[in-house]
Amino acid sequence: MHHATCIFTTLILLLTTLGNAATAHSNEITNTNTKPQSTPQSELSKKGLPWRGNPFGASGPLSSPTRLSQLVESLRKHALKKEGKRDPKLGPGAGPDGLIAAENRRRRRAARGAAGPSPADHALEKRQQSSSGSATTTSSAPAASANSTGNGIAPTWSLNDVYTGTTFWNYFSFFTGADPTNGPTDYVNASVAFSEGLAYNNDQKQIIMKADNTTTLQLGELRKSTRIQSYKTYTGGLFVLDVEKTPYGCGVWPAFWTNGEIDIYEGVHLSTNNQVTWHTTPGCTLKPSGFFGTINSTDCNTAVNNNEGCAVTDQSYSSSGATLQAIGGGVYAMQWDDTGISVWFFPRPTVPNDVTDLNPDPTTWGEPMAYLSPDDCDVVSHFADHVIVFDIAFCGDWAGATYLTSGCPGTCNAQIMEPSNFDESYWIINSLRVYKNAYLQPGELSAALPARGRPSVMGSVAMGLGVAIALASSWL
């Protein structure tokens, strides 16, 4: 019996060594500047070695390091089973993601009507604090991936990151450069923002970001404002922003977006309608189907139409500005994976229960307000490695260009001088949560194909060896 264990241990070590080398080689491919290429399933089946007659019951092509890991895990469990030993990995809280796994189990119990205590925010904040580096480095936690299940099954979304409360600021940096949209905006650093009351938490621990509304300016002077961006980058995921208020005012241009660029929320002046916009390199077009918002433009190319992008306006008159504030705010949600990019808005009275229960299921939300289909835009090649951005800009390329038709008095630059114009120019954010597809490993685009790179020769050799070992093990 011990002889069998030694054999399995040796084989597992061999597979692990080969697998690590394969993964390292694959990472070299991943870290190049080449864009990910999609591969038809028919080609994948030719490249992978099918598991036929596998005594461990695994299935699917051995075409990625993930499959190799599954084989190693199967061998480990099989050896333990032969000796009648309990798997030590089944202990409570095993693994670095034990807290999130526990919370995801709690949410599943809640869905069945057996909810227990909810330590989600506290546990995730502790995990983020332990995984983040200094204030100038990206969090070491793995980024979410653009993915669906790749097998026709709707994804299950597990909680990945929580941005809320007083720890919110730990995960964002303050942008201090010149306004990229050419407006009279002075983006301040963290020290100025906190000391002058432009960024803080109120008594309810909500996140407040605002523009200066106390200083009278001379014509041409810049008004102080805030713009922050996440240290962590994302390629896909489910983003759920709960707000009580968004900024508004004449010449005011707030946005919640990911650089690359996806504008999930974008307001202007006194408008009460949100606008969703995608800005891309050439070759991406908005397909006019699958959503109910009003189409403004369909060419997403930043090089045409003065960088208008492909834009969709929400028909809800409570999706921005004063009316949004009057109803107590609402929730903006974006699903970004290889099935496209969808955006929903839910006014406070209509926020789905699965969202408030932290168990979101976009398949039950109905038709999105805006949707960028992969049919006319390769989402994988046009969108990757985005940071999350909140800002409050003034005038500039959009608010300045539309000022004459906004119903606001005078000129945009003259309005900037008056501090009372900015009394409503602030965010009240309850939380931002980012979920990842629970079916897949980070970095995978679908169940059959990694998001970037292909298996190395060494990885393929290791996988082939794994098949032979798996078959031979049934005789031990």
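You'll find the structure just up there.
So, here is what we can say about the structure in this document.

### Concerning the nonpolar core
Trp 278, Leu 372, Ile 388 and Phe 390 are the most contacted members of the largest nonpolar core, which totals 61 residues. Residues in contact with Ile 388, not counting those within four places in the same chain, are Tyr 163, Phe 172, Ile 228, Gln 229, Ser 230, Tyr 234, Phe 239, Phe 256, Trp 257, Leu 432 and Val 434. Membership of the second largest hydrophobic core comes to 14 residues, among which are Trp 157, Val 240, Ala 333 and Leu 358.

### Some words on the sheet that holds strand β12 (residues 294-297)
Spatially, β2-β7-β17-β9-β10-β11-β13-β12 is the arrangement adopted by the eight strands of the open sheet, whose pairing is antiparallel. A strand with exactly one partner marks an edge of an open sheet, and here the two such strands are β2 (172-174) and β12. Shown here is a sheet whose adjacent strand axes are inclined to one another by a mean of 25°, direction ignored. One ladder, built from four bridges, connects strand β9 (residues 252-258) with strand β10 (residues 262-266); its direction is antiparallel. Looking at the pairing, Phe 256 lines up with Tyr 265 of β10.

### Here's the deal with the pattern of salt bridges
Per the counting criterion, the structure on display carries six salt bridges. Of the charged contacts in the structure, one is a salt bridge between Glu 196 and Lys 224, with a shortest N-O distance of 3.1 Å. Of the two residues, Glu 196 is situated in the loop between α6 (190-195) and β4 (199-201) and Lys 224 in strand β6 (residues 223-225); the sequence distance between them amounts to 28 residues. Given a relative accessible area of 43%, Glu 196 falls into the partly exposed group. Residue Lys 224 is classed as partly exposed on the basis of its relative accessible area, which comes to 27%. Among the ionic pairs, Arg 348 bridges to Asp 242, the shortest N-O distance being 2.8 Å. Taken together, the positions of Arg 348 in the loop between β15 (340-347) and α8 (353-356) and Asp 242 in strand β8 (residues 237-245) put the pair 106 residues apart, joining distant regions of the chain. Relative accessible area serves as the criterion here: at 26%, Arg 348 is assigned to the partly exposed category. Residue Asp 242 is classed as buried on the basis of its relative accessible area, which comes to 18%.

### Comments concerning the layout of surface pockets
If you add up the space inside the second largest pocket, you get close to 560 Å³. Here the lining of the second largest pocket takes three residues from β9, the largest share from any one element. Classifying every residue of the lining of the second largest pocket gives nine nonpolar, nine polar and eight charged.

### Considering the pairing of strand β1 (residues 157-163)
Burial analysis of β1 places seven of its seven residues in the buried class, the great majority of the element. Relative to strand β18 (residues 426-437), β1 runs antiparallel, the two being bridged by six bridges. Bridge assignment links Ser 158 to a residue of β18, and that residue is Lys 436.

### Description of the packing of aromatic side chains
Enumeration according to the criterion identifies 21 aromatic pairs in this entry. Measuring from ring centre to ring centre gives 5.8 Å for Trp 253 and Trp 398, while their planes differ by 75°; the resulting arrangement is edge-to-face. One end of the pair, Trp 253, is in strand β9; the other, Trp 398, is in helix α10 (residues 396-400), and 145 residues separate them in sequence. A centroid spacing of 4.8 Å and a plane angle of 35° characterise the contact between Tyr 332 and Phe 345, whose relative ring orientation is tilted. Highlighted residues: Tyr 332 in strand β14 (residues 330-337) and Phe 345 in strand β15, separated in sequence by 13 residues. The pair Tyr 332 / Phe 345 is uniform in exposure class, with both members buried. Geometry around Phe 175 places Arg 227 over its ring, the cationic atom sitting 4.3 Å from the centre. Against the face of Tyr 426 rests Lys 245, its NZ or CZ located 3.9 Å from the ring centre.

Rules and cut-offs
Residues numbered from 1 in each chain as written. Predicted model: local features only at pLDDT ≥ 70, side-chain atom pairs only at ≥ 80, totals over all residues. Heavy atoms only, no water. Core = buried A, V, L, I, M, F, W, Y, C linked by side-chain atoms within 4.5 Å. Buried < 20%, exposed > 50% of the residue type's maximum accessible area, 1.4 Å probe, protein only. Contact = heavy atoms within 4.5 Å. Pairing = 2+ DSSP bridges. Helix = DSSP H or I, 4+ residues; strand = E, 2+ residues; numbered from the N terminus. Axes fitted to C-alpha atoms, helices over the stretch in contact; angles between N-to-C directions. Salt bridge = Lys/Arg side-chain N within 4 Å of Asp/Glu carboxyl O. 1 Å grid on protein atoms, 1.4 Å probe; cavity = no way out; pocket = protein on both sides within 12 Å on 5 of 7 lines; lining within 4 Å. Points joined across faces, edges and corners; volume = space filled by probe spheres on them. Nonpolar A, V, L, I, M, F, W, Y, C, P; charged D, E, K, R; others polar. Phe/Tyr/Trp six-rings, centres within 6.5 Å; stacked < 30°, edge-to-face > 60°. Lys NZ or Arg CZ within 6 Å of the ring centre and 35° of its normal.

Everything listed is a geometric property; what it means functionally is a separate question.
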